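Residues per chain, in single letters:
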Amino acid sequence: MSDVISYMGYEWITVENGVVTIGISEDAAEDLSEDLILTLPEQDDVVMAGKVCGDIESENGNLNIYSPVSGTVIEVNDAVLENPALIFEDPTDEGWLFKVEADDADKLDQISLRAKSFEDDDEDDDDEDDDDLDEDDEGDSKDRDED
């Protein structure tokens, strides 16, 4: 499997040979109740980048599924439709949802670059930075108290 890229905060995608595989993250799966109703695009459906193309209904609420690229659905995971528990058991392997052949291969490079940039930003936002801000705030408040 190629590198897993986070998308929309709760979906994951992989890109391989112009085909994007879409699934939901382990964290998102943990937020769902066990009784699921999946509505996924069908094979040969055309999906649009950034648009809702399916959803997952659970007692804990609904989760919209977005396509990261415009293209044609070339495969739907029938196993997950028949057994939605696969989403809980193995969300990033057996629990994938559907695959899209992208209309524009250049867009796939942009997705990978955006995801890489997003990951780099996340690494910069670690807890140590937050602690530094807290210490600065405390110092400022002490200075104000002395005035």
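Look up a bit, the structure's there.
If you're wondering where the values come from, they're calculated on a predicted model, not measured in any experiment. (Residues numbered from 1 in each chain as written. Predicted model: local features only at pLDDT ≥ 70, side-chain atom pairs only at ≥ 80, totals over all residues. Heavy atoms only, no water.)

Enquirer: I'm lost on the sheet that holds strand E6 (residues 52–58) in this one. Help?
Expert: Consider a sheet: its strands pair through backbone hydrogen bonds, and that pairing is either parallel or antiparallel. Strand order in this open sheet of three strands is E4-E6-E7, and the pairing throughout is antiparallel. Two strands in the sheet have a free side with no partner beyond their single neighbour: strand E4 (37–39) and strand E7 (61–66). Adjacent strand axes in the sheet meet at a mean angle of 15° when their direction is disregarded. As paired elements, E6 and E7 share six bridges and run antiparallel to each other. (Pairing = 2+ DSSP bridges. Helix = DSSP H or I, 4+ residues; strand = E, 2+ residues; numbered from the N terminus. Axes fitted to C-alpha atoms, helices over the stretch in contact; angles between N-to-C directions.)

Enquirer: How do you make sense of a negative patch on the surface when you look at a structure like this?
Expert: Taken together, the side chains of Glu-26, Asp-27, Glu-30 and Asp-31 define an acidic patch exposed on the protein surface. Mapping Glu-30 onto the fold places it in helix H1 (residues 26–30). (Patch = residues over 30% accessible without salt bridge, like charges linked within 9 Å, V, L, I, M, F, W, Y side chains within 5 Å. Areas by Shrake-Rupley, 256 points an atom, 1.4 Å probe, with all protein chains shown as cover. Salt bridge = Lys/Arg side-chain N within 4 Å of Asp/Glu carboxyl O. Lys, Arg positive; Asp, Glu negative; His and termini not counted. Charge placed at Lys NZ, Arg CZ, Asp CG, Glu CD.)

Enquirer: When you look at the pairing of strand E3 (residues 19–24) in this model, what are you seeing that I'm missing?
Expert: Regular strands place side chains that alternate from one sheet face to the opposite one. Counting buried positions along E3 yields six of six residues, so the element is predominantly enclosed. Residue alternation in E3 divides its side chains into two sets, Val-19, Thr-21 and Gly-23 and Val-20, Ile-22 and Ile-24, and both sets are buried. As paired strands, strand E2 (residues 11–16) and E3 are joined by six bridges and run antiparallel to one another. Looking at the pairing, Glu-11 lines up with Ile-24 of E3. Linking two consecutive strands that pair antiparallel, namely E2 and E3, is a turn of two residues; a positive phi of about 55° is found at Asn-17 within it. As paired elements, E3 and strand E9 (residues 98–102) share four bridges and run antiparallel to each other. Each residue of the ladder has a partner; that of Ile-22, found in E9, is Phe-98. (Buried < 20%, exposed > 50% of the residue type's maximum accessible area, 1.4 Å probe, protein only.)

Enquirer: Help me out: how do you make sense of the nonpolar core in this one?
Expert: Ranked by size, the top nonpolar core spans 30 residues in total, and within it Ile-24, Ile-56, Ile-87, Leu-97 and Phe-98 carry the most contacts. Those elements giving two or more residues to this core turn out to be strand E1 (5–7), E3, H1, E6, E7, strand E8 (71–76), helix H3 (86–89) and E9. With sequence-adjacent residues up to four places away left out, Ile-24 is seen in contact with Tyr-10, Glu-11, Trp-12, Ala-29, Leu-32, Ile-56, Leu-63, Ile-65, Ile-87, Pro-91 and Leu-97. (Core = buried A, V, L, I, M, F, W, Y, C linked by side-chain atoms within 4.5 Å. Contact = heavy atoms within 4.5 Å.)

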